[in-house]
Every structure is written in C-alpha cells, then in structure tokens.
Amino acid sequence: MTNVAPAPLLQVEGLTKTFGGVLALDALALSAGSGEVVGLIGPNGSGKTTFFNVTTGIYKPDAGSIVFKGKNLAGASPQTIHRAGISRTFQRSRLSLPLSIFDNIMIGAHTRRFNGLVFNLVCRGAFKHEYERMVEAARALLKVFEPELTDRLFEPVMGLPMIDRRRIEICRALISEPSLLFLDEPSAGMTHEETHALMDNILRVRAVHSSLAIVIVEHQMGVIERITDRCAVLNFGRKIAEGTYREVAGNAEVQEAYLGAEL
Ligand SMILES: Nc1ncnc2c1ncn2[C@@H]1O[C@H](COP(=O)(O)OP(=O)(O)OP(=O)(O)O)[C@@H](O)[C@H]1O
Ligand SMILES: [Mg+2]
C-alpha cells in the first residue's frame, strides 16, 4: 500500500494578480498545512500583502486556484472566505481607538456570531447567553497573550501601548476560531523587546491551538528564523525560493533580491 500524504489545509496554485501594468502575483504556488507556521518574505512590493488580499477575497485573482479544506475559494467573497475559516491581521493597525478592547475583538466575530437584530430583540435570553459566552471567549484569548488585559476588557483601546494593540488585533482575528491565520508584519512599529514578547505570544497561541496554520509576513529575519517551520520568498510576485529559513537564507537568488539586506 502506498502512503498518500493528506492534502494541505491551503493549497494555492498559479495565483496571478495584476494591477494595471504591475504583475503583483505571478503564478504563485504556496501551501500551508494544519499546525504549520509558514513565513512569507520578500522585498518591499514583492506581493506579500497582495497574496493575503487575494486569498481573503479583497481582490479577485486574474487566474489560479485557492483550495482551502478541499474547496476552491478563488473569487469568493471575503465573508465566505472568513466563514470557511481564514482570518487575518492587517499591515497597518485597524483598531477603533475609542472602542473598548472587547468591542474591537468582537468586530472579528461578525460572520460567525450573533443572529441579527430581530432575533436578538425577540430572544433576549439567547442574546444575553451568547454575549456572556463571547466575553468569556475574548477573556480566554487575551489570557494567552497578556493576562492583565483580561481585567481591562471594557476600557478603550486608546492609551494602550503598541504591543497590546497588536495583541488585540490578533485576538480579533482569532475570535472567529479560524483554521488559518494570516499575520501581515505583526512586528511593524514595535521595539526589539516588544517584538520578542509578541513572538513569545504567537508561540503560545501555537501551543494552545495546535492545529491552527499560520502564514506570517515579516521583515525581521530573527523573527522568521525563530517561529517558522518553512519559508517562501517572493520577488516581483514570483516565488524564488522555499524551504527552511536556513535554506532560503543561503540561497543566492534570495540574497540578490535583498541586495545584501539583513539576510
Ligand atoms: N490596490 C493596488 N492598486 C495598485 N497597485 C497595487 C495595489 N496593491 C498592491 N499593488 C502593487 O502590487 C505590488 C505588490 O504590492 P504588495 O503590497 O503586495 O507588496 P508587499 O510585498 O506587501 O510590500 P511591503 O513589504 O512594502 O508591504 C506593488 O508593486 C504594489 O504597488
Ligand atoms: Mg505588505
């Protein structure tokens, strides 16, 4: 009997996206397995965020397939893709600063939770029960990141340091209980110490949610080396290398793409 490897959770093939004359994704193939942390690296403008935007339905691909849990989601709406179990954070912070930590996290549950205004008005008991459940879910998530934040659930996000804001953004992505999480430069704008602490958090998330797949875009190579199982390197929308961090860091084409940058 031959052993057939199970299909990865996400299998992208031939993914292509152009913006006017710019080829942002050039027949990209990428996969992520359950429980795996994949690093997506490459110089500025190489297509990393576009990969997230196309895979989460913000932009429709010009060509290619995005097979997730065995279903091709290419061209599906962001809501459908979110409901299927793909969640993300954004390169630039998208928190609403006057809103509380809890309200910001709940924005991430919009495709999964609550049953609509009429249901909630008629079935207030069910609504209250669901609300309490969500408060507990938000607290449990925050506890993985920073236990002190669980006591500040109803305080506005305004005034919190950058690292806590990032933690809240990741909790917002996790509240919908995704199978696949995209993190777009989570360390942007943070100090070295904050970055290290946030990566400790991501390793804890990984330990707690062992089947969660993560694709992380990151410019800091120390971060990539520490938390990824495998890396793919993009340049002008094309995958130029794939392997462990050590393998890709030693690749001549990768080094040339970075023109002697930190690699
Ligand atoms: N909405 C858009 N309209 C036009 N061009 C776009 C759009 N989004 C991305 N691009 C272009 O596609 C290319 C890839 O951009 P993308 O943002 O995916 O790069 P990136 O690898 O995330 O870069 P960075 O590391 O700077 O975040 C760039 O040339 C960019 O200018
Ligand atoms: Mg980007």
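Residues numbered from 1 in each chain as written. Chains lettered and ligands numbered in written order. Predicted model: local features only at pLDDT ≥ 70, side-chain atom pairs only at ≥ 80, totals over all residues. Heavy atoms only, no water.

1. Focus on a nonpolar patch on the surface
Here is step 1 of the chain: The grouping of Phe19, Val22, Ile58 and Tyr59 at the surface amounts to a nonpolar patch, some 340 Å² of accessible area in total.
Here is step 2 of the chain: Relative to the helices and strands, Tyr59 is located in the loop between α1 (48-55) and β4 (63-68). (Patch = residues over 30% accessible without salt bridge, like charges linked within 9 Å, V, L, I, M, F, W, Y side chains within 5 Å. Areas by Shrake-Rupley, 256 points an atom, 1.4 Å probe, with all protein chains shown as cover. Salt bridge = Lys/Arg side-chain N within 4 Å of Asp/Glu carboxyl O. Helix = DSSP H or I, 4+ residues; strand = E, 2+ residues; numbered from the N terminus.)

2. A look at the sheet that holds strand β10 (residues 238-243)
Here is step 1 of the chain: Ordered in space as β6-β7-β8-β3-β9-β10, the six strands form an open sheet in which the pairing is mixed. A single partner strand is all that each edge strand has here, and the edge strands are β6 (86-88) and β10. Going from strand to strand, the sheet's axes swing by 20° on average, the running direction of each strand aside.
Here is step 2 of the chain: When β6 meets strand β7 (residues 180-184), the two strands line up parallel, connected through three bridges. Opposite Ile86, over in β7, you have Leu180 as the bridge partner.
Here is step 3 of the chain: Strands in contact with α1 are β3 (37-41), β6, β7, β8 (213-217) and β9 (230-235); relative to β7, the strand with the most contacts, it is inclined by about 145°. (Pairing = 2+ DSSP bridges. Axes fitted to C-alpha atoms, helices over the stretch in contact; angles between N-to-C directions. Contact = heavy atoms within 4.5 Å.)

3. Here we look at the site of ligand 1
Here is step 1 of the chain: Near ligand 1, the surroundings consist of 15 residues, among which Gly45, Lys48, Thr50, Tyr59 and Gln91 are the closest.
Here is step 2 of the chain: The side chain of Asn44 places a nitrogen or oxygen atom 2.9 Å from an oxygen atom of ligand 1.
Here is step 3 of the chain: One of the backbone N or O atoms of Ser46 is found 3.1 Å from an oxygen atom in ligand 1.
Here is step 4 of the chain: In isolation ligand 1 exposes 630 Å². Once the protein is present, 65% of that is buried.
Here is step 5 of the chain: Taken together, the elements giving at least two residues each to the shell around ligand 1 come down to β2 (22-32) and α1.
Here is step 6 of the chain: It is α1 that provides the largest number of residues to the shell around ligand 1, a total of three residues. (Near = heavy atom within 4 Å. Polar contact = N/O pair within 3.5 Å; in protein donor to acceptor, adjacent residues only side chain to side chain.)

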